[in-house]
Amino acid sequence: MGAYRANLPNLLVLDAANTATSNVIAGFEDAKSITIFAPASLTNTHHVQIHADAAAATSSTGWATHTSGGSLITIAQGTAVTITDVEWGALRVSSLGTEATTRTFTVTKKCEA
C-alpha cells in the first residue's frame, strides 16, 4: 500500500489581534499523520490544540492542548511537528501571546493510497 502527501489549509495567527489563536481546520478523516510547519519567525511559542468535533470552527469550548508522552506539543519558529494517531476532528494553534505580524503555518497530511 502506497502513501501520499496532501496539503491542508494554512493556519493563520493574525497580527495584533485580540486573540492569539489561529483559524480552525479539519479534513483529517483519511490522515495517518499531520505535519505542521512553523514560519521562520515567531514572537512566541505556539501550542497545538485539538477538538473532537470537525465542525468546531465557531466553538470556544471543548478545545484541548494536545500532548504526547505527557508533554505539551509546541511549535517554535522554524520547526515542524508531526502528529500521528490522528483521532480528532479539528485543529488550531494557540500562541502564548500576540504576534507582531500575521503568521502562517503550513499544514500537510500523509494518507495511504
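Residues numbered from 1 in each chain as written. Predicted model: local features only at pLDDT ≥ 70, side-chain atom pairs only at ≥ 80, totals over all residues. Heavy atoms only, no water.

Novice: Please provide a residue-by-residue account of the sheet that holds strand β10 (residues 103-112), values included.
Specialist: Pairing between the strands of a sheet comes from backbone hydrogen bonds, and it takes one of two forms, parallel or antiparallel. Judged by pairing direction, the sheet is antiparallel, and its four strands sit side by side in the order β1-β10-β2-β8 without closing on themselves. At either end of the open sheet lies a strand with only one pairing partner, and these are β1 (3-13) and β8 (80-84). Shown here is a sheet whose adjacent strand axes are inclined to one another by a mean of 20°, direction ignored. Here strand β2 (residues 31-37) pairs with β10 via six bridges, running antiparallel. The residue of β10 that forms the bridge with Ala31 is Cys111. (Pairing = 2+ DSSP bridges. Helix = DSSP H or I, 4+ residues; strand = E, 2+ residues; numbered from the N terminus. Axes fitted to C-alpha atoms, helices over the stretch in contact; angles between N-to-C directions.)

Novice: Would you mind going over the environment of Ala56 in detail, with residue names and values included?
Specialist: Looking at the secondary structure, you find Ala56 in the loop between β3 (46-51) and β4 (64-65). When neighbours within four sequence positions are excluded, Ala56 is seen to be in contact with His51, Trp63 and Ala90. (Contact = heavy atoms within 4.5 Å.)

Novice: If you had to explain the nonpolar core to someone new, which residues and values would you point to?
Specialist: Counting 22 residues, the largest nonpolar core has Phe28, Ile34, Ile36, Leu91 and Phe105 as the members making the most contacts within it. Elements with a minimum of two residues in this core: β1, β2, β3, β8, β9 (90-95) and β10. (Core = buried A, V, L, I, M, F, W, Y, C linked by side-chain atoms within 4.5 Å. Buried < 20%, exposed > 50% of the residue type's maximum accessible area, 1.4 Å probe, protein only.)

Novice: Please give an account of the packing of aromatic side chains that cites residues and values.
Specialist: Across all of its chains, the model carries one aromatic pair by this definition. When the centroid spacing of 5.0 Å and the interplanar angle of 70° are considered together, the rings of Phe28 and Trp88 count as edge-to-face. With Phe28 in the loop between β1 and β2 and Trp88 in the loop between β8 and β9, this pair connects stretches of sequence that are 60 residues apart. With a relative accessible area of 3%, Phe28 lands in the buried category. (Phe/Tyr/Trp six-rings, centres within 6.5 Å; stacked < 30°, edge-to-face > 60°.)

Novice: Go over the pattern of salt bridges with me, naming the residues and quoting the values.
Specialist: Counted according to the given criterion, the structure contains two salt bridges. Residues Asp30 and Lys109 are paired through a salt bridge, measuring 2.8 Å at the closest nitrogen-oxygen approach. With Asp30 in the loop between β1 and β2 and Lys109 in strand β10, this residue pair connects regions lying 79 residues apart in the sequence. (Salt bridge = Lys/Arg side-chain N within 4 Å of Asp/Glu carboxyl O.)

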